[in-house]
Amino acid sequence: MYLQIWLQKNQVLVHKIVHTNFVEKLFCRKEQRVLQKAVWRVPQLQLRKTLVIVQNVQEYLENHKICQDLCRAACVCKRFSELANDPILWKRLYMEVFEYTRPMMHPEPGKFYQINPEEYEHPNPWKESFQQLYYDTIEDALGGVQEAHFDGLIFVHSGIYTDEWIYIESPITMIGAAPGKVADKVIIENTRDSTFVFMEGSEDAYVGYMTIRFNPDDKSAQHHNAHHCLEITVNCSPIIDHCIIRSTCTVGSAVCVSGQGACPTIKHCNISDCENVGLYITDHAQGIYEDNEISNNALAGIWVKNHGNPIIRRNHIHHGRDVGVFTFDHGMGYFESCNIHRNRIAGFEVKAYANPTVVRCEIHHGQTGGIYVHEKGRGQFIENKIYANNFAGVWITSNSDPTIRGNSIFNGNQGGVYIFGDGRGLIEGNDIYGNALAGIQIRTNSCPIVRHNKIHDGQHGGIYVHEKGQGVIEENEVYSNTLAGVWVTTGSTPVLRRNRIHSGKQVGVYFYDNGHGVLEDNDIYNHMYSGVQIRTGSNPKIRRNKIWGGQNGGILVYNSGLGCIEDNEIFDNAMAGVWIKTDSNPTLRRNKIHDGRDGGICIFNGGRGLLEENDIFRNAQAGVLISTNSHPVLRKNRIFDGFAAGIEITNHATATLEGNQIFNNRFGGLFLASGVNVTMKDRNAICVNCIKKCHQGHDVEFIRHDRFFCDCGAGTLSNPCTLAGEPTHDTDTLYDSAPPIESNTLQHN
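As the structure is a prediction and not an experimental result, all values here were calculated from the model. (Residues numbered from 1 in each chain as written. Predicted model: local features only at pLDDT ≥ 70, side-chain atom pairs only at ≥ 80, totals over all residues. Heavy atoms only, no water.)

Participant: Honestly, the overall build of the protein in this entry has me stumped. Any pointers?
Facilitator: The secondary structure content of the protein amounts to 12 helices and 67 strands. Considering the protein as a whole, with its 749 residues, one finds that 55% of them fall into the buried category. Of the roughly 31,600 Å² that the protein leaves accessible, carbon and sulfur atoms contribute 47%. (Helix = DSSP H or I, 4+ residues; strand = E, 2+ residues; numbered from the N terminus. Buried < 20%, exposed > 50% of the residue type's maximum accessible area, 1.4 Å probe, protein only. Areas by Shrake-Rupley, 256 points an atom, 1.4 Å probe, with all protein chains shown as cover.)

Participant: Help me understand the side chain of Glu 428 in this model?
Facilitator: Position of Glu 428 relative to the elements: it lies in strand S34 (residues 426-428). Residue Glu 428 is classed as buried on the basis of its relative accessible area, which comes to 12%. Within the local environment of Glu 428, its side chain forms a polar contact with the side chain of Arg 405, the two groups lying 2.8 Å apart. Beyond its immediate chain neighbours, meaning those up to four positions away, Glu 428 contacts Ile 404, Arg 405, Gly 406, Arg 451, His 452 and Asn 453. (Polar contact = N/O pair within 3.5 Å; in protein donor to acceptor, adjacent residues only side chain to side chain. Contact = heavy atoms within 4.5 Å.)

Participant: For this particular structure, what's the right way to read the pattern of salt bridges?
Facilitator: Opposite charge on two side chains lets them pair, provided their charged atoms get close. Using the criterion set out here, one finds 31 salt bridges in the structure. The partner of Arg 498 in a salt bridge is Glu 475, and the shortest N-O contact between them spans 2.9 Å. Of this pair, Arg 498 sits in the loop between strand S43 (495-497) and strand S44 (500-502) while Glu 475 sits in the loop between strand S40 (472-474) and strand S41 (477-479); the two residues are 23 residues apart in sequence, bridging distant segments of the chain. On the basis of relative accessible area, Arg 498 is assigned to the partly exposed category, the value being 38%. (Salt bridge = Lys/Arg side-chain N within 4 Å of Asp/Glu carboxyl O.)

Participant: Just checking my understanding: could you explain the pairing of strand S21 (residues 325-328) for this structure?
Facilitator: Regular strands place side chains that alternate from one sheet face to the opposite one. Taking every second residue as pointing to the same face, both faces of S21 are buried, with Val 325 and Thr 327 on one and Phe 326 and Phe 328 on the other. As defined by bridge partners, S21 adjoins strand S24 (residues 348-351) across three bridges and the pair is classed as parallel. In the strand pairing of S24, Phe 326 is matched with Glu 349. (Pairing = 2+ DSSP bridges.)

Participant: Looking at this model, I keep getting lost on the confidence of the model for the protein. Mind explaining?
Facilitator: In low-pLDDT regions, the fine details of the predicted coordinates are not to be read closely. The pLDDT averaged across the protein works out to 83; a share of 78% of its residues lies at or above 70. Scored below 50 in pLDDT, residues 1-64 makes 96 contacts in the model with residues more than four places away or belonging to other chains. Note on residues 724-749: pLDDT is under 50 here. Beyond four places in sequence and across chains, it has 46 contacts. (pLDDT = per-residue confidence, 0-100.)

Participant: What's the story with the environment of His 456 in this structure? I'm lost.
Facilitator: Relative to the helices and strands, His 456 is located in strand S38 (residues 454-456). A relative accessible area of 10% means that His 456 is categorised as buried. Those residues in contact with His 456 that sit more than four places away from it in its chain are Asp 431, Ile 432, Tyr 433, Gly 434, Tyr 479, Ser 480 and Asn 481. At a separation of 2.7 Å, a polar atom in the side chain of His 456 contacts the side chain of Asp 431.

Participant: I keep staring at the packing of aromatic side chains and nothing clicks. Help me out?
Facilitator: Aromatic ring pairs are described here by two measures, namely the spacing of the ring centres and the angle between the planes. In total, this model carries 19 aromatic pairs according to the counting rule given. Between Lys 581 and the ring centre of Tyr 558, over which it is positioned, the NZ or CZ distance is 5.6 Å. (Phe/Tyr/Trp six-rings, centres within 6.5 Å; stacked < 30°, edge-to-face > 60°. Lys NZ or Arg CZ within 6 Å of the ring centre and 35° of its normal.)

Participant: Quick question: what am I supposed to make of the state of the cysteines here?
Facilitator: As used here, a disulfide is simply a covalent bond connecting the sulfur atoms of two cysteines. Taken as a whole and judged by the stated rule, the model has zero disulfides. Here Cys 274 stays unpaired: no disulfide links it, and the sulfur of Cys 229, its closest cysteine neighbor, is 5.9 Å away. (Disulfide = S-S within 2.5 Å.)

Participant: Quick question: what am I supposed to make of the environment of Ser 237 here?
Facilitator: Residue position: Ser 237 is located in the loop between strand S10 (228-232) and strand S11 (239-247). For Ser 237, a relative accessible area of 24% gives the class partly exposed. Each C-alpha atom, one on Ser 237 and one on Tyr 206, is 9.2 Å from the other, the two residues being 31 residues apart in sequence. When neighbours within four sequence positions are excluded, Ser 237 is seen to be in contact with Ser 202, Glu 203, Asp 204, Cys 263 and Pro 264.

Given below as structure tokens:
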């Protein structure tokens with residue numbers, strides 16, 4: 001049968017011609033008829049008297065018979081022995097099969113060497129090499145090598161080898177040998193058990209250049225939950241190189257590396273199209289996995305579990321039907337320079353105390369997120385590129401605490417880093433930009449440390465803290481985002497410290513809907529809207545910030561906003577340094593509000609507030625404008641060098657003024673519209689003449705004002721003034737006799 005297939009398949013060339021009697025002695029009758037029928041199809045030969053030895057020995061070798069037939073032929077007679085031992089024939093056969101130009105000898109365990117055939121004592125060194133190196137089956141070859149427990153070299157030629165028992169427990173070398181793409185033509189397959197099993201003793205074994213398949217007929221978990229294409233067990237470290245690995249089993253994994261001391265090197269392999277996990281590393285196993293392609297697997301491309309700690313470099317992990325890499329249950333590992341993309345779930349998932357290190361990888365175009373750390377996961381993600389994922393570039397949740405440092409996280413279809421559900425983590429030194437939602441989002445009791453990041457050019461806001469989010473956010477640069485640089489809302493209490501928040505297209509820092517927290521020592525500048533906004537029950541502590549250069553106001557407090565605003569420097573804003581309106585009631589203390597292109601502080605529409613010990617100076621409009629039913633308390637402020645009035649009160653507003661120094665303002669110190677009721681708490685304003693004539697011997701405090709209302713001269717004191725009706729040089733025209741000057745601030749609100 002083998003001869004029939006071979007002769008029909010190949011062009012037949014005559015090498016030696018022998019008599020039919022030899023054929024009759026060599027072959028059985030059935031084989032004779034097959035040979036004669038095949039030979040009769042070649043008309044140019046005397047076919048009944050010939051035996052054909054062919055040139056294309058490689059193809060015949062694939063049917064596993066040529067070597068045996070030549071050796072059998074050599075036993076027929078002396079003439080046939082000479083023909084069957086022809087060195088030229090064996091040389092051609094050898095060079096076609098092994099692709100060596102000199103014979104390789106394997107005379108004893110552990111020894112392989114090539115010889116010069118002219119100097120070798122055996123008359124046919126090519127045949128001798130064949131006899132030392134050639135076996136019919138892989139099992140036979142392994143048996144011959146492993147029984148003696150020595151290093152062996154096994155060439156596996158073209159063909160499909162099915163259901164052979166390949167358990168390797170010695171440091172053998174097994175290499176596919178075929179023309180062209182070798183791995184495509186040398187196929188080893190099992191349908192019942194693991195295809196390759198490496199056991200203790202197989203350290204330094206090598207398997208390369210072949211396809212390894214596990215293709216069970218019954219794919220159920222009942223039969224095959226512990227079966228794999230490659231199974232690498234304890235205390236062995238084989239090398240798997242340039243192999244194609246496939247599994248159609250819906251349980252188990254294509255490659256399983258398990259146990260203490262399991263430390264293979266798997267490189268340049270293709271682990272794809274498997275119906276379960278691609279590569280599974282567990283139970284303290286380690287290993288080096290380099291330059292592999294892992295794709296289109298039904299579950300994770302790589303699983304690392306139970307203290308597995310591999311080194312995985314330059315792998316291409318893509319188009320998985322599940323997650324790209326999944327580390328869980330204390331799994332670890334060092335992942336470097338991998339390209340992880342277009343997986344159905346996250347590119348990289350970390351769970352349940354897993355702690356991998358991921359360095360300089362690209363994690364992108366995920367159908368959900370880039371990196372997902374949850375259920376107390378950890379990990380270090382350093383200098384990666386994380387981009388163009390459909391969900392957040394990084395998710396951190398459920399008491400997880402990873403380190404995200406030095407990454408570029410950009411162009412996501414949602415946010416950059418999303419921390420929720422009691423998540424923690426160190427988010428440090430990253431470049432986060434161009435994402436569709438917030439660069440960093442913190443919510444639901446999460447409390448990360450966010451520092452030294454650049455968060456910019458987002459299509460949404462920079463940092464969004466909501467639903468009782470917390471965290472320490474310090475020394476970041478947040479700029480050029482479409483919405484607020486930082487949002488704090490719904491019961492959140494972050495600490496924002498020493499950040500540079502600038503050049504935003506809306507607000508710098510926005511507290512609303514009971515957003516609280518601390519905003520201290522930040523530079524907040526050059527925003528299209530206010531540098532800081534506080535509204536709807538929010539009550540932050542805002543201290544020692546510099547807020548300047550805004551195209552609107554410095555700080556806006558409105559819609560029942562609160563806040564303690566202390567020791568800030570607020571200057572060079574296009575509108576009021578501080579706005580307080582619509583039932584808001586903040587405390588401003590020891591701030592310097594100066595050089596505004598409008599007013600210093602503008603309080604209107606029912607605004608209140610305590611303004612205490614502030615320096616308000618060199619503003620283009622009123623130092624403090626109080627209007628429309630507002631009633632603040634101003635205590636011990638210094639309001640000076642303004643280009644309009646010091647304090648302007650108008651439109652039915654009231655105010656409590658106590659111990660303020662108002663001087664050297666261009667339009668006077670105190671500007672009152674008609675109908676305004678001002679309370680000068682615990683003291684009365686008295687001009688110099690009244691002090692001299694009416695209040696000699698009384699305790700008085702000298703405060704310099706440009707203009708003020710003299711209670712004594714106006715007859716509002718309980719004792720009549722002796723100068724009433726007497727003209728003096730120091731009595732100024734009362735403000736309520738003149739029309740007020742409206743601040744430009746109101747026109748922009």
